[in-house]
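Breakdown of the fold
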Amino acid sequence: MEAPIFVGGKDMAATKLITMHQNKGLSVMESIANRIKYASNDLKTEDGQYISTYECDIKTAIQEFDFSKKEYLRITGRKIKGDILAYQIRQSFKPGEVTPEEANAIGYETAMRFTKGNHAFLVATHTDKAHIHNHIIYNSTTLDCTHKFKDFFLVGLALQRLSDEICLEHGLSVIKPRPYAERVKRTEFPWKKTKRATVCEDIDMALSRNPSSFAELLAFLGEMGYEVKPGVHTAIRGKDQKRFVRFRSLGPGYTEEDLVKIIAGEMQQDEKTSKWKNKEAWRKGSAHVYKKREFDLLVDIEAKLRQGKGPGYERWAKIFNLKQISQALLFLQENNVRDYEALAQKADASSKLFNDLAGQIKSYEKRLSEIAEMRKHIYGFAKTKEIYEGYKKSGYNKKYFEKYREEITIHKAAKEAFSQYPKGKIPKMKDLNAEYSEVLSEKRKLYQDYQQAKKDMKDYLIAKKNIDAILGDELKKYQQRENEAPMK
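For clarity, every value in this text was computed on a predicted model and none was experimentally measured. (Residues numbered from 1 in each chain as written. Predicted model: local features only at pLDDT ≥ 70, side-chain atom pairs only at ≥ 80, totals over all residues. Heavy atoms only, no water.)

1. Some remarks on helix α5 (residues 195-207)
Selection criterion: Under the DSSP-based scheme used, a helix requires at least four consecutive residues in state H or I and a strand at least two consecutive residues in state E, with every element numbered from the N terminus. A helix is expected to reach a length of 1.5 Å times the quantity of its residues less one. Burial classes: relative accessible area under 20% of the type maximum marks a residue as buried, over 50% as exposed, and values in between as partly exposed (1.4 Å probe, protein chains only).
For α5, with 13 residues, the first-to-last C-alpha span of 18 Å sits near the 18 Å given by 1.5 Å per residue. Those residues of α5 that fall on the buried side of the exposure criterion are A197, V199, C200, E201, D202, I203, D204, A206 and L207.

Written as structure tokens, this is what we have:
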């Protein structure tokens, strides 16, 4: 029996992690044999040409995996109900992008880095379909037969990220989700057009008629066969629709508020929504296509990585660490940063936030230190009060002072500390304790944000530094073009 843990399919290679259990009516060895025999099928691997193994032999892998289970039971005495016999990683590649040899090498590296070399595995590369794909099967039992593979939360996500990173290091292309700033006609999307997509297209068409108000826009839609339902949230229904659709449910750029702004010429293009700057955009008939960025960080880094298959790459690879480049690209993808200006702004903002939080943390720590010091003085003052009174009565006798030098010094230091308060009034220990607890609580609340801000700052600064190094010349040329571009 197989149970998929995670499927990833947008970036680089699509990766799936599957757990392999004992099949009903079959022994452990028979259950393992089913999957290994399928993976190593001669017809799929070109007579076994594209099979590689680690700490096992493809001819005896079934017996070796089965023996490890028996050894684990003998050594540990643990028999786990519903035990996972092995794990399978399915790794598929973009058609035509890798050779079987490259795919197998990527699969081997993925398995080695994912298991840290602690588990035997085999990598079978199948070439019987349009897309080359790997079947990676690794033993759930460690090589020393004393432990099992430790599953963890979001293990599939970790595997996908590792696979993406390795693919980037090997110069494979990035299959990017369509960016917001490159919206195209909904009819051009590969999936079936939804009714909401049709509504949005009709709104676009109505807007192209340059309505003077939202009411006029509704009138245009009415002429197109839409029924309008007024209310707190205005809704419309087309001829073929059973239900009314609220404008607010159509997404950014189609809400009533956004449409009013677009009609009034107040709507500004936004990074997140990528909507229109003004009515002129509608008049020019560009209501469906947005201008693509001239400089896309992800595309340019990808181009650098893909130079691995062309001349000049070897010299470039010596300068830059491929792992750092791959990690930088993945970081930009995960944070949806596609242009250098946005990266620079986020790096500056993260640094500013960290410095602000660090300043607040320091102010809290300073106050905690002051309170601790004051409590120490109050305690010392009370403890040495009688001795100091005796010192006064002795007429500040030198012999008395030498005898109680430490106590008298502590008492004097306390009196000096109290002098900062109005009329030398000594603060109450109860009040200081309460303030200390309050300040400490505030510091602890802030510390989590501080730690996250520190991580964000580090990630953005490292990413920016890598980008500066990777795309240095391209960035300079782009910025020079931007500066020389005539004002519109």
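2. Examining the nonpolar core
Going by this rule: Only buried residues count toward a nonpolar core, which is a set of Ala, Val, Leu, Ile, Met, Phe, Trp, Tyr and Cys residues joined through side-chain atoms within 4.5 Å. Note on contacts: a residue pair is in contact if any heavy atoms of the two residues lie within 4.5 Å.
L17, I89, F93, F114 and Y138 are the most contacted members of the largest nonpolar core, which has 24 residues in total. For this core, the elements supplying multiple residues, two or more each, are β4 (84-92), α3 (100-115), β5 (121-126), β6 (133-139) and α4 (155-169). Broken down by element, this core gets its largest block of residues, five residues, from α4. Aside from chain neighbours lying at most four places away, what touches I89 is T15, K16, L17, F114, N134, H135, I136, Y138 and L159. Core analysis: the next-biggest nonpolar cluster, separate from the first, contains 20 residues, C200, L207, F247 and L259 among them.

3. Some words on the pattern of salt bridges
Put simply, the test is: The salt bridge criterion pairs a side-chain nitrogen of Lys or Arg with a carboxyl oxygen of Asp or Glu, the two atoms within 4 Å.
One pass over the structure, following the stated rule, counts 15 salt bridges. Among the ionic pairs, R161 bridges to E165, the shortest N-O distance being 3.8 Å. With R161 and E165 both in helix α4, this residue pair falls four residues apart, about one helical turn. The partly exposed category is assigned to R161, whose relative accessible area is 30%. One salt bridge connects R237 with E227, and the closest N-O pair in it is separated by 2.9 Å. Taken together, the residues R237 in strand β8 (residues 235-237) and E227 in strand β7 (residues 227-229) connect sequence positions ten residues apart. Under the relative-accessibility criterion, R237 is labelled partly exposed at 23%. Three or more residues are tied together by salt bridges with common partners; here these are E109, R113, R161 and E165.

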